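Listed below are the residues making up each chain.
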Amino acid sequence: MRRYSLILLSVSIACMTAYSCKSEKKERPNPFFEAWTTPYGVPPFDRIAAEHYLPAFERAMAVQEAEIDAIVSDRDEPGFRNVIEAYDASGQMLSDVSNVFFMVASAQLDDDLAAVREQVMPLLAAHRDKILLNEELFGKIRSVYDRRGSLELDPVQMRLLEKTYRRFVRAGALLDSDGKERLREINEELSRLGVRFADNLLAENRGFTLELSAGDLDVLPSGVRDAAREKASEAGHKDKYFFTLDKPSLIPFLTYSKRRDLREELYKAYLSRGDNGNAHDNNDVINAMIRLRTEKANLLGYDSYAAYVTADQMAGTPEAVYRLLDEVWEPALDRAREELKQMDELLQKDEPGAEFASWDWWYYAEKVRKQNYALDEEMLRPYFSLENVRGGIFFLANRLYGITFRPIVVPLYNPECEAYEVLDADETHLGVLYFDFFPRQGKGGGAWCGYFREQRYRDGEREAPVVGIVANFTRPTATAPALLSLDETETLFHEFGHALHFLFHDVKYRGLSEVEGDFVELPSQIMENWATEPQVLAEYAVHYRTKEVIPEQLVRKIRNSALFNQGFATTELVAAALSDMDIHSIRRYEPFNPEAFEDNALRLQRGLIPQIEPRYRYPYFSHIFDGDYSAGYYFYLWAGVLDKDAFEAFRQSGDLFNRRIARDFRYKLLARGGEADGMTLYRDFRGADPDKTPLLRSRGLWTEPEPQPEADSLRRATDAAERSADVRPVVRLRNGPDGVKTTRPRHNK
């Protein structure tokens, strides 16, 4: 063991010295080359510049190569400590650099960071393959794996060994030399294509603005007008109003503008991103990625890329995914048709003979909501100021887990960010949480949560994580603070759930920090359930001007309208999940037109109505072409079964803030990372398989069974016994084999 440590130390010093000589030419010291003395060890954002990243990546890769060489050259018999633990501990510097870079680049990508990303992605792909296809390293891992039954490992050590072995196998370690070389080529090209897809989409988002005059705004709410006017003013256009393809600008315009022609123009621009036949068109990129992903899956022994991905998830197979999606699809589509019928009646009153189109949905859905529920989205915004909603998630976390949040002064990567120290119930340091709320040029779309530093153990001590929530919420204006929509409010609860998952991690081995993709949305989606509960609303939904708590009548309207428009919401979600699975289920690639493929899969084969577009079309489906969700957009629905069933545990207890259940959820599930497979963790928490009924009921897709005729006394006695045993209908979500996610942790709603 001592010889191994000395070899590692000497080689690492040699690499660091070589790269230090190169870095002496830099005028500014590279912060990644020194220990951080910032409060709580957060990244020194005030000192990190774009020029620092590439040298930091290069040195970090060299250091890990030295660490791997030390493992390979160790002459002691391969064992858990000198092979599996040593491999797990390697690459810590690379992890730190990567986490900081990708979090910052996704939040404020400029030309300099884009250039770094373009350079570094192929380098990282090659570096990863160099390690995972290292025959000597895999030989040692395989030697330990083959003797695992005699090593007297505890369950966590055995889990790490099995996941490490499987990671190498899934990365191609069993391929022959020709296969490995081809796999390297595929991975490098896929890394370049992912960057190109993202750059094209960012350019398309930047390239469109709907410029309007005051006369075009008809009855738009004042907050929507103010935001559009300020956007135009920032661009030097006084007395104009700018609407963009960012959701906080797009959705309010589609919801409130009477101008059907302008709604059409804006929505068509949104739908056509990456599909305009220009320099930023993504159709060729999509073809190339599907060709390479299919070839990669075949090379590794799988029929399709979807089969390759799902084999490492809870679902296990594409067939299991399709069963869930198909079960939800028809009831959701039927409900959407009913919703359309109501809205079309209103359209015919406005424009007799007009054909209802997809850009009409938000506008007439809002009319139906006002008509049927006397509820207006703008009535709610004053109660959902960003400050109050943030206070609401802090309140909820305190009631459930006893944790508290203290604002702190630390370096920020953007002056709009804010940071908090998170304190556990016993006042010990749990981690740091950054917020970055508002859209700006260079920021990716949507909302997500990741970390700048992962939770880990160093010298036997837990090192706390540094977590970040990034969003694109409605900005404050000159006359009002940031007032969120109900959807934005639920999104903040959602991303906060991811943050809690990271903050509560207490995992010894870094290789066990990740969970299955179709499990990862459980901690986030369960938090959304509390957002509109009356007991929670009473704590945070306070009018920003009058300080009045949200009235009971408004709360009732929110609750009564909970199933409103669920046919549309579920259909667009499942449509995107189906199109993702379909394109990744291709077994033999042939060039195709993505639009025609999507149209055939959704409209011709499954009957998607033309008034609904999938939540994402291929040319801007960033989740699957520039994210962690390829063949995995179904994750949200799969995890929905889990989150609704888990929330039932609180509801059934009669206390939505039940500390005992929350403690179990934290320590049996959130804190353990991937120390066991997702279904094992869930059963440990819940004591049973998940029941899909709460999910179907929450989406208005559940039909209560017809009452059965009264049976004889024996049957009644049997029923009573079953009820007392709390027997519940279940959906058995198949456990997938072990494996480690290798993508960066960005969880995007």
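Residues numbered from 1 in each chain as written. Predicted model: local features only at pLDDT ≥ 70, side-chain atom pairs only at ≥ 80, totals over all residues. Heavy atoms only, no water.

1. A look at the environment of Ser585
Tracing the sequence through the fold places Ser585 in the loop between helix H22 (566–583) and helix H23 (594–604). With a relative accessible area of 22%, Ser585 lands in the partly exposed category. Sequence separation between Ser585 and Asp303 is 282 residues, and the spatial gap between their C-alpha atoms is 8.1 Å. In contact with Ser585, not counting residues within four places along its chain, are Ser304, Ala306 and Tyr322. (Helix = DSSP H or I, 4+ residues; strand = E, 2+ residues; numbered from the N terminus. Buried < 20%, exposed > 50% of the residue type's maximum accessible area, 1.4 Å probe, protein only. Contact = heavy atoms within 4.5 Å.)

2. Considerations on the packing of aromatic side chains
Under the definition given, this model contains 58 aromatic pairs. Geometrically, the ring pair formed by Phe32 and Tyr53 is tilted, given 5.6 Å between the ring centres and 45° between the ring planes. Separated by 21 residues along the polypeptide, Phe32 in the loop between helix H1 (2–23) and helix H2 (50–73) and Tyr53 in helix H2 bring together distant segments of the chain. Pair check on accessibility: Phe32 and Tyr53 agree, each one buried. Seen in terms of ring centroids, Tyr451 and Phe502 are 4.9 Å apart; in terms of plane orientation they differ by 85°. Their pairing is edge-to-face. Remark: Phe502 occurs in helix H18 (residues 486–504) and Tyr451 occurs in strand E6 (residues 448–453); sequence separation between them is 51 residues. We classify Tyr451 as buried; its relative accessible area is 8%. Among the residues examined, Phe502 registers a relative accessible area of 5% and is labelled buried. An aromatic cluster is built from Tyr267, Tyr270, Phe356, Trp361, Trp362, Tyr363, Tyr364, Phe568 and Tyr620, whose rings are joined through pairwise contacts. Above the plane of the ring of Tyr308 lies Arg170, whose end atom (NZ or CZ) is 4.1 Å from the centre. A cation over an aromatic ring shows up here: Arg263 above the ring of Tyr363, its NZ or CZ 4.3 Å from the ring centre. (Phe/Tyr/Trp six-rings, centres within 6.5 Å; stacked < 30°, edge-to-face > 60°. Lys NZ or Arg CZ within 6 Å of the ring centre and 35° of its normal.)

3. Some points on the side chain of Ser191
Counting through the fold element by element, Ser191 comes out in helix H8 (residues 177–206). Here Ser191 is in contact with Met121, Pro122 and Ala125, once residues within four sequence places are set aside.

4. Overview of the packing of H2 against helix H5 (residues 111–132)
Their axes nearest at 9 Å, the elements H2 and H5 cross at an angle of 5°. One element, H2, and the other, H5, form an angle in the roughly parallel class. Residue-level inspection shows Ala50, Tyr53, Leu54, Phe57, Met61, Gln64, Glu65 and Ile68 of H2 in contact with H5, the latter providing Asp112, Leu113, Val116, Gln119, Val120, Leu123, Leu124, His127, Lys130 and Ile131. Taken together, the residues of the contact of H2 with H5 break down into 12 nonpolar, 3 polar and 3 charged. (Axes fitted to C-alpha atoms, helices over the stretch in contact; angles between N-to-C directions. Parallel < 35°, antiparallel > 145°, perpendicular 65-115°, else oblique. Nonpolar A, V, L, I, M, F, W, Y, C, P; charged D, E, K, R; others polar.)

5. Focus on the nonpolar core
By size, the foremost hydrophobic cluster in this structure holds 173 residues, and its most contacted members are Phe243, Trp361, Phe496, Trp530 and Phe625. Ignoring any residue separated from it by four or fewer positions in sequence, one finds Phe243 in contact with Thr209, Leu210, Leu212, Leu217, Leu220, Val224, Ala228, Ser249, Phe253 and Leu266. Ranked by size, the runner-up nonpolar core spans 38 residues in total, among them Ala60, Met93, Phe102 and Val104. (Core = buried A, V, L, I, M, F, W, Y, C linked by side-chain atoms within 4.5 Å.)

6. Observations regarding the side chain of Gln313
Of note, Gln313 is situated in the loop between helix H13 (305–310) and helix H14 (318–350). A distance of 2.6 Å separates a polar atom in the side chain of Gln313 from the backbone nitrogen of Gly517. (Polar contact = N/O pair within 3.5 Å; in protein donor to acceptor, adjacent residues only side chain to side chain.)

7. Some words on the pattern of salt bridges
One pass over the full model with this rule turns up 58 salt bridges. Here Asp129 ties to Arg128 by a salt bridge, and the two come within 3.8 Å at their closest N and O atoms. Using a relative accessible area of 1% as the deciding quantity, one classes Asp129 as buried. Residue Arg128 is classed as partly exposed on the basis of its relative accessible area of 24%. With its nearest N and O atoms 3.3 Å apart, the salt bridge here joins Glu135 to Lys180. (Salt bridge = Lys/Arg side-chain N within 4 Å of Asp/Glu carboxyl O.)

8. Topic: the confidence of the model for the protein
Confidence along the protein averages 91 in pLDDT terms, with 91% of residues attaining 70 or more. Ignoring residues within four places in sequence, the model shows residues 1–26, a span with pLDDT below 50, making 31 contacts including any to other chains. pLDDT under 50 marks residues 710–746. Its contacts with residues more than four places away, or in other chains, come to 78 contacts. (pLDDT = per-residue confidence, 0-100.)

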